[in-house]
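Each chain, written out:
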Amino acid sequence: MSVANNRQSATISDSWSEELKAVTRAIIRSSSDGTAPNDLLLKKDGQAFGLIRSADLASGLIVVRSPDGELQTAYADSEGLIHAGWVVD
């Protein structure tokens with residue numbers, strides 16, 4: 001599993017609305033209490049898709065997995081996730 005570097009100079013987070021970023025933050029925050037019933041589906045730049053397993057969120061982990069589950073990237077928090085360009089789909 002790779003760990004994202006939140007200090008990357010390039011970001012695509014500006015391609016999403018502030019409202020969608022706020023929804024992403026709120027869903028991750030509310031899902032981290034262990035009550036998330038489903039995995040969280042994400043999109044990135046309209047070309048990549050991923051998911052965060054509800055079990056990971058319940059454990060305080062933000063790990064984006066590719067749809068086939070082979071690629072994984074961990075983020076320290078929702079800000080790092082959004083900075084990398086991921087939002088809820």
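Because the structure is predicted, anything quoted here is derived from the model rather than measured. (Residues numbered from 1 in each chain as written. Predicted model: local features only at pLDDT ≥ 70, side-chain atom pairs only at ≥ 80, totals over all residues. Heavy atoms only, no water.)

Trainee: Help me understand the overall build of the protein chain in this model?
Mentor: If you tally the helices and strands in the protein chain, you get three helices and six strands. Mapped from its N terminus to its C terminus, the protein chain presents α and β elements in the order β-α-β-β-α-β-β-α-β. Looking at the 89 residues of the protein chain, the share that counts as buried comes to 36%. In the protein chain, once contacts between residues fewer than 6 apart in sequence are set aside, the share between residues at least 24 apart is 58%. (Helix = DSSP H or I, 4+ residues; strand = E, 2+ residues; numbered from the N terminus. Buried < 20%, exposed > 50% of the residue type's maximum accessible area, 1.4 Å probe, protein only. Contact = heavy atoms within 4.5 Å.)

Trainee: How do you make sense of the side chain of Ser66 when you look at a structure like this?
Mentor: Of note, Ser66 is situated in the loop between β4 (62-65) and β5 (72-75). Classification of Ser66 by relative accessible area gives buried; the value is 14%. Side-chain polar atoms of Ser66 contact the side chain of Asp68, separated by 2.5 Å. One polar contact links the side chain of Ser66 to the main-chain amide nitrogen of Glu70, over a distance of 3.3 Å. Apart from residues no more than four positions distant in its own chain, Ser66 is found in contact with Phe49 and Leu71. (Polar contact = N/O pair within 3.5 Å; in protein donor to acceptor, adjacent residues only side chain to side chain.)

Trainee: Could you clarify how one ought to interpret the pattern of salt bridges in this entry?
Mentor: A side chain with one charge may pair with a side chain of the opposite charge, provided their charged atoms come close. Inspection of the entire model under this criterion finds four salt bridges. A salt bridge links Arg25 to Glu79; the shortest N-O distance between them is 2.4 Å. Here Arg25, found in helix α1 (residues 18-31), pairs with Glu79, found in helix α3 (residues 78-83); they are 54 residues apart in sequence, far enough to count as distant. For Arg25, a relative accessible area of 22% gives the class partly exposed. (Salt bridge = Lys/Arg side-chain N within 4 Å of Asp/Glu carboxyl O.)

Trainee: Quick question: what am I supposed to make of the environment of Arg29 here?
Mentor: Tracing the chain through its elements places Arg29 in helix α1. Along the chain, Arg29 and Gly60 lie 31 residues apart, while their C-alpha atoms are 9.6 Å from each other.

Trainee: Would you mind going over the confidence of the model for the protein chain with me for this structure?
Mentor: Summing up the model confidence of the protein chain, the mean pLDDT is 84 and the portion of residues at 70 or higher is 82%. In the predicted structure, residues 6-10 sits below a pLDDT of 50 and forms seven contacts with residues beyond four places in sequence or in another chain. (pLDDT = per-residue confidence, 0-100.)

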